[in-house]
Amino acid sequence: MTQAPKIGLVSLGCPKALVDSERIMTTLRAQGYSFSRDYAGADIVLVNTCGFLDSAKQESLEAIGEALNENGKVIVTGCLGVEEGLIRETHPSVLAITGPHQYEDVVSAVHDHLPPVPNKFVDLVPESGLKLTPRHYAYLKISEGCNNRCSFCIIPQIRGDLVSRPAAGILGEAEGLIRSGVKELLVISQDTSAYGVDIKYASSKYRGREVKAKFYDLAKELGDLGAWVRLHYVYPYPHVDQVIELMAEGLVLPYLDIPFQHASPNVLKSMRRPANQEKTLDRIKKWRDICPDLTIRSNFIVGYPGETEEDFEFLLDWLEEAEIDRAGCFKYEPVTGAPANELAGIVPDEVMDERFAQLMEVAQNVSYHQLAKKVGRTIEVIVDDVQPEANRAIARSKWDAPEIDGQVIVDNATNIKIGDIVTVTVTDNDEYDLFAEPATH
Ligand code: SF4
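Cut-offs used in this document
- Residues numbered from 1 in each chain as written.
- Predicted model: local features only at pLDDT ≥ 70, side-chain atom pairs only at ≥ 80, totals over all residues.
- Heavy atoms only, no water.
- Helix = DSSP H or I, 4+ residues; strand = E, 2+ residues; numbered from the N terminus.
- Buried < 20%, exposed > 50% of the residue type's maximum accessible area, 1.4 Å probe, protein only.
- Contact = heavy atoms within 4.5 Å.
- Pairing = 2+ DSSP bridges.
- Axes fitted to C-alpha atoms, helices over the stretch in contact; angles between N-to-C directions.
- Salt bridge = Lys/Arg side-chain N within 4 Å of Asp/Glu carboxyl O.
- Near = heavy atom within 4 Å.
- Nonpolar A, V, L, I, M, F, W, Y, C, P; charged D, E, K, R; others polar.
- Phe/Tyr/Trp six-rings, centres within 6.5 Å; stacked < 30°, edge-to-face > 60°.
- Lys NZ or Arg CZ within 6 Å of the ring centre and 35° of its normal.
- Core = buried A, V, L, I, M, F, W, Y, C linked by side-chain atoms within 4.5 Å.

Draft legend 1. Representation of the overall build of the protein chain. Looking only at helices and strands, the protein chain features 12 helices and 20 strands. Dimensions of the protein chain, computed from the C-alpha atoms along their principal axes, are close to 70 × 60 × 35 Å. Looking at the protein chain as a whole, 50% of its 441 residues qualify as buried. Long-range pairs, those at least 24 residues apart, make up 71% of the contacts in the protein chain between residues at least 6 apart in sequence.

Written out as structure tokens, the structure reads:
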């Protein structure tokens, strides 16, 4: 049997800090970790610090130093954790720092640097954790926060700058999910293509190998795990080209969710969108050359302050030329605290409504024509639901993400279960969905 990963715990400070330590230990114990009494026997050391008085700060800093010298892998939590700058200045090599009462953050930092080894005989919680999605697909969050500053968005103000998880932690989680029956991983973050920038693409050890925290490397490693891997919230940076090659090879699903929000250079500039280049259309064409099966899903905002009729017409033409397979649309709404609220050129409601309707019509046409190209093809679909009374299965193709895209309605679906991946032949389409029959062998 694989040995449980061992944690050393140094608990300083008041009884409240001790209670925190106990709660952290209880959670980690329930997840299969064990504890070591000495530094040498531990795979990682947690130092729960106190920062009340200067003398306590000093004691905490010394305890961190000792743990680093004796073991080398240290996660800091507790009251001194709020002074991250001070800790990093004195001990730049600590792996992670969290503040007081942040149990989930400490536990997730431990997962990232020392993934749990699941053991179905002793674990109290399912290997996959508690999920709110059906058993056959799961969201995989690779980072938190965002380094961009789009003028209509307050996420960076709320969640802060980009903080990427080490690749080993993500891959360990993905593996656990797949072992527990997940067949499709939906990779999410605020800016997936920026993954790893904040940690300078640092490597972490996964299955004895060093894996870089880089978009391409992570996508490839995830693809190698054998599940469907779907990438959300990607921006059209040049380095995305390489990932399209993984799609062409079949390692990653031929699907990109890119929230373009607009196409007109004036509006994009005013929105301060990332990867906002006039060459995006060329980039998309290149991607389709590399991977002709690529589906692009996107969102657009109409009625952004200052959007002129020309800007809007530009967007409609662009959407057709780029053949955006799946397009969602929002009418602009001011968000409290967003810089866009200061912009002039408010678009009247009736104009906004009209533009919304026009964009949805164009998007529907594009979607219809893109889907019509699939009729006659034999494809794999994943089953989300079955309707035994109608002998029908509601499934999705590799081109459809759950909840937001279309479906594949499979008739004559005998002996098909939720979560199955089955091969079907597409018989027809409408604006959003495909219709199919099980493929005959
Ligand atoms: S990319 Fe822009 S819209 Fe998305 S979270 Fe970052 S700042 Fe907000």
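Draft legend 2. Looking closely at the environment of Glu310. The topology assignment puts Glu310 in helix α11 (residues 309–321). For Glu310, a relative accessible area of 59% puts it in the exposed group. Taking the C-alpha atoms as reference points, Glu310 and Ser367, 57 residues apart in sequence, are found 23 Å from one another.

Draft legend 3. Quick look at the sheet that holds strand β4 (residues 74–78). Reading across the sheet, the 5 strands line up as β2-β1-β3-β4-β5 and stay open at both edges, with parallel pairing between neighbours. Two strands bound the open sheet, and with one partner strand each, they are β2 (34–36) and β5 (96–97). The strands touched by helix α2 (residues 54–70) are β3 (44–49) and β4; relative to β3, the strand with the most contacts, the crossing angle is about 175°.

Draft legend 4. Spotlight on the pattern of salt bridges. Tallied over the entire structure, the rule returns 28 salt bridges. Ionic pairing is found between Glu144 and Lys141, a salt bridge with its closest N-O pair at 2.7 Å. Linking Lys398 and Glu380 is a salt bridge whose minimum nitrogen-to-oxygen distance equals 3.3 Å. Taken as a pair, Lys398 in the loop between β17 (392–397) and β18 (408–411) and Glu380 in strand β16 (residues 378–387) lie far apart in primary sequence, 18 residues in all. With relative accessibility at 34%, the residue Glu380 sits in the partly exposed group. Three or more residues are tied together by salt bridges with common partners; here these are Glu184, Arg230, Asp384 and Arg396.

Draft legend 5. Fine view of the environment of Arg88. Its location among the elements puts Arg88 in helix α3 (residues 84–90). Other than its neighbours up to four places away in sequence, Arg88 contacts Val94, Leu95, Ala96 and Ile97.

Draft legend 6. Region of the structure containing the site of the ligand. In the vicinity of the ligand, the contacting residues are Cys146, Asn148, Cys150, Phe152, Cys153, Ile155, Pro156, Gln190, Tyr235 and Arg273. Here the residues of the shell around the ligand are counted per class, giving 7 nonpolar, 2 polar and 1 charged.

Draft legend 7. Geometry of the packing of aromatic side chains. Under the defined criterion, the tally for this structure stands at 5 aromatic pairs. With a centroid separation of 6.4 Å and an interplanar angle of 80°, the aromatic rings of Phe152 and Tyr304 are classed as edge-to-face. On the criterion of sequence distance, the pair formed by Phe152 in the loop between β7 (143–144) and α5 (155–159) and Tyr304 in the loop between β14 (295–302) and α11 is long-range, its members being 152 residues apart. Residue Phe152 is classed as buried on the basis of its relative accessible area of 15%. Using a relative accessible area of 0% as the deciding quantity, one classes Tyr304 as buried. Their ring planes at 75° and their centres at 5.0 Å tell us that Phe260 and Trp318 sit as a pair that is edge-to-face. Here the residue Phe260 occupies a position in the loop between β13 (255–257) and α9 (265–271), and Trp318 occupies one in helix α11, the gap between them amounting to 58 residues. For the pair shown, Phe260 and Trp318 are each scored as buried. In this structure, Arg230 is placed above the aromatic ring of Tyr255, and the distance from its NZ or CZ to the ring centre is 4.6 Å. Lys331 extends its terminal NZ or CZ atom over the ring of Phe356, reaching a point 5.0 Å from the ring centre.

Draft legend 8. Representation of the nonpolar core in the model. With 54 residues, the main nonpolar core has Leu231 and Leu256 as its most contacted residues. Considering each element in turn, this core owes the most residues, 6 residues, to helix α6 (residues 167–179). If we ignore the near neighbours within four places in the chain, the residues touching Leu256 are Leu231, Val234, Val240, Ile244, Met247, Trp287, Leu294, Thr295, Ile296 and Arg297. Within the second largest apolar cluster, 17 residues are counted, among which are Val10, Tyr39, Ala42 and Val47.

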